[in-house]
Amino acid sequence: MRGLPTYITICLAALLLSPGLATSQDAADGELDRKVSPRKAVIIPLHEMIHPLSAALLERKFEDAVESGVDVVIFDIHSPGGFTQVTFELMDMVSDAKDVETVAFIEKDAISGAALFALACDRIIMLPGARIGDAGEIVMGADGAYRYTEAKSRSVLAQKVRDTAEATGRPIALAEKMTDKDMVVFKATHKEDGSVRYFSDKEWVALENQDAWDKGPPIREAGKEMFFTANGRRAAELGLIDQTVASRTELASTLNLQEPIPTLERTWVDTLVLILNSGFVTFLLIVIGLTALVIELSAPGLGIGGLTSVLCFGLFFWSRFLGGTAGWLEVTLFVIGLLFIAAEVFVIPGFGVAGISGIVLSLGSLVMASRRFLLPQSSEELAALGMDVLTVVGAFVAFLIALLVLAQYMSEIPGLSRLTLKPTVALEGGGATTGMAATSLPGWQRVEVGSVGEAVSALRPGGRIMVDDFTVDVVTEGDFVDPGTQVRVIGKQGAKVIVRPVA
């Protein structure tokens, strides 16, 4: 009986504490559920060469994915790499992403710049038979053969790779070996704690505590005169990637992702941007746009020529905006160039500085709108710049040829003939249906060679003169003539009346 109070006290305490224990257990279960709940993810394909346009589309897809609030962005990589500087920009993009986990998923090949891009991601997951590596920088020489880049360029690339591997916790020596065929990488084991590390022959020479390590044989994929390349199975053994999976289903299970994982496929806008940025379509847009602009300037008001020109150059700059190669600077330079040309044609007599400056600004802005760099830093950028210049200059030459053809045959081409103003021609014979009064004839028919008139507007070189009581549209031989100057008709070529100031 003496133990009864103690027993009752224990029971009461258990009853009082049991709700709290239950609440704590429920909270723990809820926290566990939150930890294991599947995460949201999207897949962004990278199945092409890395160049300014493809990189701009990839960056836009990545921004859309981050803004959608997903937890994981998976880059489905199957690419041969591409431009070094563009690759660096993509690496910085994923390295700077703090609110989302980035995963490089390689089912086939991630070679050259694509391998470096994968290194910058938080995780690398591959199929066992997929390949990664071979990121040496090469350039095409004057003889058309590819060769190793100069030491300065290789040093920048190697340092970028070392920094990236260190930031993502991957073997620095193996990552650098992707870009350096001259170095040799081997495995070393620490004598005391048994830890494993990979050293390059350059690092080993500079290592102060060599005695603390047992130097092993070179890695077979990282020997002399070769860029490190390995399949997924071997890369996982060496610790270069996180792991291998057999399928996308296993990938989702490994990363604890909601299924099915949506893919941000290329939209019709992306496809249209790629088409409009192609060399042939760019050539056509420039030729048609310039030709339509001249047609518009030859007729009063806004017509089909002006609308066509606006459409062509609007598509050109729109595609460059979305492609990430153009901004408002290029558009501004292009418009200023057109204004200079217009001033030369309609205001300033002759053809001089304004006209040449306008052509240079207009064509220069078209070249600038196709480039992501101001000055080429490598041979590949120089070659790309040369191709852009060739496309724009070739389009301008084709425009000049088209202009000559139109000047001769526009009035005879069906459809285009309606864009020109045909003068009224007096018909032979009389009567209301076959003739007309002389006063109703156009000025160019009433005036004769030798007729003298007075300029009623400035002739730059085109303008109007008054002969007797009617006006005539005329042109000079290229000279500027002030209003009120007496001029004489010295020639007629159809509706074209040529005049010269009276001496």
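Residues numbered from 1 in each chain as written. Predicted model: local features only at pLDDT ≥ 70, side-chain atom pairs only at ≥ 80, totals over all residues. Heavy atoms only, no water.

## Thoughts on the overall build of the protein chain
Along the backbone of the protein chain there are 16 helices and 17 strands. Looking at the protein chain residue by residue over its 503 residues, the buried ones come to 38%. Considering only residue pairs separated by 6 or more positions, the protein chain has 60% of its internal contacts joining residues 24 or more positions apart. Accessible surface computed for the protein chain: about 27100 Å², of which carbon and sulfur atoms make up 61%. (Helix = DSSP H or I, 4+ residues; strand = E, 2+ residues; numbered from the N terminus. Buried < 20%, exposed > 50% of the residue type's maximum accessible area, 1.4 Å probe, protein only. Contact = heavy atoms within 4.5 Å. Areas by Shrake-Rupley, 256 points an atom, 1.4 Å probe, with all protein chains shown as cover.)

## A look at the packing of helix α2 (residues 52-67) against helix α10 (residues 268-276)
The N-to-C vectors of α2 and α10 enclose an angle of 160°; their axes lie 11 Å apart at closest approach. In terms of axis orientation, α2 runs roughly antiparallel to α10. Remark: the crossing between α2 and α10 carries right-handed chirality. Counting all contacts with α2, which are made through Leu53, Leu57, Arg60 and Lys61, the residues of α10 involved are Asp270, Val273 and Leu274. Of the residues that constitute the contact of α2 with α10, the class distribution is four nonpolar, no polar and three charged. (Axes fitted to C-alpha atoms, helices over the stretch in contact; angles between N-to-C directions. Parallel < 35°, antiparallel > 145°, perpendicular 65-115°, else oblique. Left-handed = near helix turned anticlockwise from the far one by under 90°. Nonpolar A, V, L, I, M, F, W, Y, C, P; charged D, E, K, R; others polar.)

## Re the nonpolar core
Within the largest apolar cluster, 70 residues are counted, with the highest numbers of intra-cluster contacts made by Val73, Ile74, Phe75, Ile77, Ile106, Phe117 and Ile132. The leading source of residues in this core is helix α4 (residues 113-120), at seven residues. Sequence-distant contacts of Ile132, defined by excluding residues within four places in its chain, comprise Ile106, Ala110, Ala115, Ala118, Met126, Met178, Phe228, Thr229, Ala230 and Ala235. By size, the runner-up hydrophobic cluster in this structure holds 21 residues, among which are Phe313, Phe317, Val331 and Ala369. (Core = buried A, V, L, I, M, F, W, Y, C linked by side-chain atoms within 4.5 Å.)

## Details of the confidence of the model for the protein chain
Mean pLDDT over the protein chain works out to 81, with 79% of the residues at or above the 70 mark. Ranking the helices and strands of the protein chain by mean pLDDT puts strand β4 (residues 123-126) first, with 96, and helix α1 (residues 4-36) last, with 48. In this model residues 19-34 is a low-confidence stretch, pLDDT under 50, and it forms zero contacts with partners more than four residues away in sequence or in other chains. Counting contacts from residues 413-436, a segment whose pLDDT is below 50, to residues more than four positions away or on other chains yields 31 contacts. (pLDDT = per-residue confidence, 0-100.)

## Details of unusual backbone geometry
That bond from Glu259 to Pro260 is cis: its omega, -5°, falls within 30 degrees of zero. Mapped onto the elements of the fold, Pro260 is located in the loop between α9 (248-255) and α10. The backbone phi angle of Glu225 is positive, close to 60°, even though this residue is not glycine. Relative to the helices and strands, Glu225 resides in the loop between β10 (213-218) and β11 (229-231). With phi around 60°, Asn256 is a residue other than glycine that occupies positive phi space. Position of Asn256 relative to the elements: it lies in the loop between α9 and α10.

## Some points on the packing of aromatic side chains
Tallied over the entire structure, the rule returns 11 aromatic pairs. Arranged with centres 5.1 Å apart and planes meeting at 85°, the rings of Phe316 and Phe317 form a pair that is edge-to-face. There is no split in this pair, since Phe316 and Phe317 are both buried. Taking 5.8 Å as the distance between ring centres and 40° as the angle between the ring planes, the aromatic pair formed by Phe396 and Phe399 counts as tilted. Separated by three residues within a single helix, Phe396 and Phe399 lie in helix α15 (residues 379-409), roughly one turn from each other. Each residue in the set Phe186, Phe199, Trp204 and Trp213 is aromatic and connected to the rest through ring pairs, giving one cluster. Sitting above the plane of the Phe88 ring, Lys160 keeps its charged end 5.7 Å from the centroid. (Phe/Tyr/Trp six-rings, centres within 6.5 Å; stacked < 30°, edge-to-face > 60°. Lys NZ or Arg CZ within 6 Å of the ring centre and 35° of its normal.)

## Quick look at the packing of α2 against helix α3 (residues 84-95)
Close contact between α2 and α3 brings their axes to 10 Å; oriented N to C, the two are set at 10°. As the angle between them shows, α2 and α3 are arranged roughly parallel. Along its contact with α2, which presents Pro52, Ala55, Leu58, Glu59 and Phe62, the element α3 presents Val86, Glu89, Leu90 and Met93.

## Some remarks on the pattern of salt bridges
Scanning all chains against the criterion turns up 20 salt bridges. Ionic pairing is found between Arg162 and Glu176, a salt bridge with its closest N-O pair at 2.8 Å. Here the residue Arg162 occupies a position in helix α5 (residues 151-168), and Glu176 occupies one in helix α6 (residues 172-177), the gap between them amounting to 14 residues. Note on Glu176: relative accessible area 9%, which makes it buried. The residue Arg220 makes a salt bridge to Glu221 at a minimum N-O spacing of 3.1 Å. Salt bridges sharing common partners tie together Arg220, Glu221, Arg234 and Glu237. (Salt bridge = Lys/Arg side-chain N within 4 Å of Asp/Glu carboxyl O.)

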